[in-house]
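Working through the structure, step by step
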There are 2 protein chains.
Amino acid sequence: MKQRYLATVAYDGKDFWGWQSQHHHRNVQDCIEEALAKFHPVYVEIVGSGRTDRGVHAKGQRFHFDSDLNMTCHQMMAAINCNLPEDVKVTAMEVVPSSFHCRFHATRKRYDYLINNGPYDLFLRNSHLFVKDILDIQQMRQASLLLIGEHDFSTFCANRTSEKENQVRTITRLEIIKTDHTIQMIFEGKGFLRYMVRMLAQTLIEVGRGRITIDQVQEMLEAKDKDACRFNAKPYGLYLMEVHYEN
Amino acid sequence: MKQRYLATVAYDGKDFWGWQSQHHHRNVQDCIEEALAKFHPVYVEIVGSGRTDRGVHAKGQRFHFDSDLNMTCHQMMAAINCNLPEDVKVTAMEVVPSSFHCRFHATRKRYDYLINNGPYDLFLRNSHLFVKDILDIQQMRQASLLLIGEHDFSTFCANRTSEKENQVRTITRLEIIKTDHTIQMIFEGKGFLRYMVRMLAQTLIEVGRGRITIDQVQEMLEAKDKDACRFNAKPYGLYLMEVHYEN
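Residues numbered from 1 in each chain as written. Chains lettered and ligands numbered in written order. Predicted model: local features only at pLDDT ≥ 70, side-chain atom pairs only at ≥ 80, totals over all residues. Heavy atoms only, no water.

1. Description of the overall build of chain A
Scanning chain A from terminus to terminus reveals 5 helices and 10 strands. Compactness check: chain A gives a C-alpha radius of gyration of 19 Å against a globular reference of 18 Å for 247 residues, within 12% of the reference. The dimensions of chain A, computed from C-alpha atoms along their principal axes, are 60 × 40 × 35 Å. Out of the 247 residues in chain A, the part that is buried amounts to 51%. Across chain A, contacts joining residues at least 24 apart in sequence account for 71% of those joining residues at least 6 apart. A total of about 12,000 Å² of accessible surface is found on chain A, and carbon and sulfur atoms cover 48% of it. (Helix = DSSP H or I, 4+ residues; strand = E, 2+ residues; numbered from the N terminus. Rg over C-alpha atoms; globule rule 2.2 N^0.38 Å. Buried < 20%, exposed > 50% of the residue type's maximum accessible area, 1.4 Å probe, protein only. Contact = heavy atoms within 4.5 Å. Areas by Shrake-Rupley, 256 points an atom, 1.4 Å probe, with all protein chains shown as cover.)

Following this line, the structure appears as structure tokens:
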């Protein structure tokens, strides 16, 4: 009997060309499907909660798949993990109804953006964006208040092919936490446009270093114009932290 | 006029076969000497405060060298760093008297050993030893008290060729700090034998997981026998943190 499994997965984005299956480029989806193929008689496709771009990390990406091997969650997780490379690991597994859909039923996502803001620390070079200028956190927090809530985020989206799509999104949380030499920006919402978090992150960084004003952020947002924002933070500071499903 | 420079350097040990210059294997010393060669008319040799083994990291290794380019410390540091790969960077530079010696004058060194003790975190896989069993910190601290102070550490030394050397060393600090899912062990002393910190670290881990008793640690230490300890913690959890010089 087929069972649907929902898995949580962490991966270090450094050596992946993103989540999405594609020829000629190492990606997370293919890695996991190849691991499943090692102990399934048929090829099992997985469905992710969404894509992550090249170089972006995940601590709480989710995917679902169907299997008729009747394994317990613990067995399934162990079987996948022992067939995965060291930069991707399943961290949790549960059985869900066959009507459950990993992407369509996601109600909330959290992305974190991490910055090494202080003396350069080479141990953070693949996990944090290094920003030499000391950022003004208060200014960044002021600017973030403009972005929280429901807005048309066309300015903060790189996807030119989707211009006719609805680009209204809701940011329910945008928190900026400073600890010693590290800044953590937390973005939460139901969904995000392509590059949206990275473009907002870099925009807030530019506010923090005084290169643009809070008024300019307001103007950029109101412009609803793809050419109004040229900022896009490097992928290696970005983490998909959590995908939530309400019962 | 020749000037002697004292530099502090950080490196990610992952892709280095240790500090020491050697043929056919990438090492930190050669990397730095090659960087210096890029802007010196003669080959400049550097003297490290001591060696670190293959895979061991450093946040505060020190080395000295002589140059007659009459550059300021800031200029010298920038010139070296722009010729270094991304996994090694000079973090501080000062001018010292020509009588100063980086190894002979070191009065104290600090090594840290880092453990991922909790859910496996793949982002820590190259920087922390993963220990699945939850360690008993109180037991580890009890055992560490036996090791602090002046002892013959022959048991905790892998160097069979130096049997006639004095193997008495003094540990002035051995602190074990637990934060969330991470354990940090801090070792300080004037000097350490080869593998000593890693052997002590793994011995304390074995105490923490209940595989050996505190009495057994005492017996091992008193045995002064190279065959009395078979434990040696992986190099990628170890960091040379600081080298001190008293004026």
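2. Observations concerning the relation of the copies chain A and chain B
Superposing chain A onto chain B takes a rotation of 180° combined with a translation of 0.0 Å along the rotation axis, leaving an RMSD of 0.0 Å. Those values place the two copies in the arrangement expected of a two-fold rotation axis. Of the residues that chain A buries at the interface, 100% are likewise interface residues in chain B, meaning the two copies contact each other through the same surface. (Least-squares fit on C-alpha atoms with pLDDT ≥ 70 in both.)

3. Remarks on the nonpolar core
Counting residues in each nonpolar core, the largest one holds 70 residues, and the members touching the most others are B:Ile32, B:Phe65, B:Leu147, B:Phe156, B:Met185 and B:Phe187. Looking at which element gives the most residues to this core, the answer is helix H4 (residues 196-208) of chain B, with 8 residues. When residues no more than four places from it in sequence are discounted, the contact partners of B:Phe156 are B:Leu147, B:Arg194, B:Tyr195, B:Met196, B:Met199, B:Leu200, B:Thr203, B:Met220, B:Leu221 and B:Cys229. The next biggest cluster of nonpolar side chains, apart from the first, holds 69 residues, and it includes A:Val56, A:Ala143, A:Leu204 and A:Leu238. (Core = buried A, V, L, I, M, F, W, Y, C linked by side-chain atoms within 4.5 Å.)

4. Things to note about unusual backbone geometry
One non-glycine residue with positive phi stands out, namely A:Lys224, at about 45°. Topologically, A:Lys224 is positioned in the loop between helix H5 (214-223) and strand E10 (238-244). The phi dihedral of B:Asn70 is positive, around 55°, even though this residue is not glycine.

5. As for the interface of chain A and chain B
Every contact between the two is made by 15 residues of chain A and, on the other side, 15 residues of chain B. Across the chain A/chain B interface, buried area totals approximately 1,200 Å², and carbon plus sulfur atoms make up 65% of it. Among the residues of chain A in contact with chain B, A:Leu122, A:Phe123 and A:Arg125 are the three that bury the most area, contributing 47% of the side total. As a salt-bridge pair, A:Arg125 and B:Asp12 come within 3.2 Å of each other at their nearest N and O atoms. Of all the elements in the fold, those that place two or more residues in the side of chain A that touches chain B are strand E1 (3-11), strand E3 (57-67) and strand E4 (88-96) of chain A. (Buried area = accessible area lost by both parts, 1.4 Å probe. Salt bridge = Lys/Arg side-chain N within 4 Å of Asp/Glu carboxyl O.)

6. Overview of helix H2 (residues 73-81) of chain B
Looking at H2(B), one finds that the buried residues are B:Met76, B:Ala79, B:Ile80 and B:Asn81. The inward-facing, buried residues of H2(B) abut strand E1 (3-11), helix H1 (28-37), strand E3 (57-67) and strand E4 (88-96) of chain B.

7. Observations regarding the environment of A:Cys102
Looking at where A:Cys102 falls in the secondary structure, it is placed in the loop between E4 and strand E5 (108-116). A:Cys102 sits 17 residues away from A:Pro119 along the chain, and the two C-alpha atoms are 41 Å apart.

8. What about H4(B)?
Residues and elements named next belong to chain B. Helix length check: H4 (13 residues) gives 18 Å between terminal C-alpha atoms against 18 Å at 1.5 Å per residue, within 8%. For H4, the tally of buried residues reaches 13 of 13 residues, placing the bulk of the element in the interior. Note on H4: the residue one or two positions beyond its end, Gly 210, has a positive phi of about 80°. (Expected span 1.5 Å × (residues − 1).)

9. Re the packing of helix H3 (residues 137-147) of chain B against H4(B)
Residue and element names in this part refer to chain B. Close contact between H3 and H4 brings their axes to 8 Å; oriented N to C, the two are set at 140°. With respect to H4, the element H3 is oriented oblique. In terms of crossing hand, the pair formed by H3 and H4 is right-handed. Facing Gln 139, Met 140, Ala 143, Ser 144 and Leu 147 of H3, the residues of H4 in contact are Leu 200, Leu 204, Ile 205, Val 207 and Gly 208. (Axes fitted to C-alpha atoms, helices over the stretch in contact; angles between N-to-C directions. Parallel < 35°, antiparallel > 145°, perpendicular 65-115°, else oblique. Left-handed = near helix turned anticlockwise from the far one by under 90°.)

10. Concerning the side chain of A:Asp112
Residue and element names in this part refer to chain A. Summarising the element assignment, Asp 112 is placed in strand E5. Reaching out from Asp 112, the side chain makes a polar contact with the side chain of Arg 110 at a distance of 2.8 Å. If we skip the residues at most four places from it in the chain, Asp 112 touches Gln 184, Met 185, Ile 186, Gly 237, Leu 238, Tyr 239 and Met 241. (Polar contact = N/O pair within 3.5 Å; in protein donor to acceptor, adjacent residues only side chain to side chain.)

11. What about the side chain of B:His40?
Residue and element names in this part refer to chain B. As for its position among the elements, His 40 is in the loop between H1 and strand E2 (47-48). With relative accessibility at 8%, the residue His 40 sits in the buried group. One polar contact links the side chain of His 40 to the main-chain carbonyl oxygen of Leu 36, over a distance of 3.0 Å. Reaching out from His 40, the side chain makes a polar contact with the side chain of Ser 67 at a distance of 2.8 Å. Not counting residues up to four positions away in its chain, the partners in contact with His 40 are Ser 67, Leu 69 and Met 76.

12. Observations concerning the packing of aromatic side chains
All names here are of chain A. Scanning the entire structure with this criterion turns up 20 aromatic pairs over all chains. One aromatic cluster in this structure is built from Tyr 5, Tyr 11, Phe 16, Trp 19, Phe 63 and Phe 65. The ring of Trp 17 is capped by Arg 54, whose NZ or CZ atom sits 3.6 Å from the centre of that ring. (Phe/Tyr/Trp six-rings, centres within 6.5 Å; stacked < 30°, edge-to-face > 60°. Lys NZ or Arg CZ within 6 Å of the ring centre and 35° of its normal.)

13. Remarks on the pattern of salt bridges
A complete count under the given rule lists 31 salt bridges over all chains for this structure. Its salt-bridge partner being A:Arg4, residue A:Asp66 comes within 2.8 Å of it at the nearest N-O pair. Residue A:Asp66 is found in strand E3, and its partner A:Arg4 is found in strand E1; the two are separated by 62 residues along the sequence. For A:Arg4, a relative accessible area of 16% puts it in the buried group. Between B:Arg209 and B:Asp133 there is a salt bridge, with its nearest N and O atoms 2.9 Å apart. Linking B:Arg209 in the loop between H4 and helix H5 (214-223) with B:Asp133 in the loop between strand E6 (129-130) and H3, this pair joins segments that are 76 residues apart in sequence. The structure contains a network of salt bridges with shared partners spanning A:Arg108, A:Arg173, A:Glu175 and A:Glu188.

14. Some details on the environment of A:His181
All names here are of chain A. Relative to the helices and strands, His 181 is located in the loop between strand E8 (168-179) and strand E9 (182-189). Judged by its relative accessible area of 43%, His 181 is partly exposed. Residues contacting His 181, with those up to four places away along its chain left out, are Ile 115, Asn 116, Asn 117, Gly 118 and Pro 119.

Taken by themselves, the reported measurements are silent on function.
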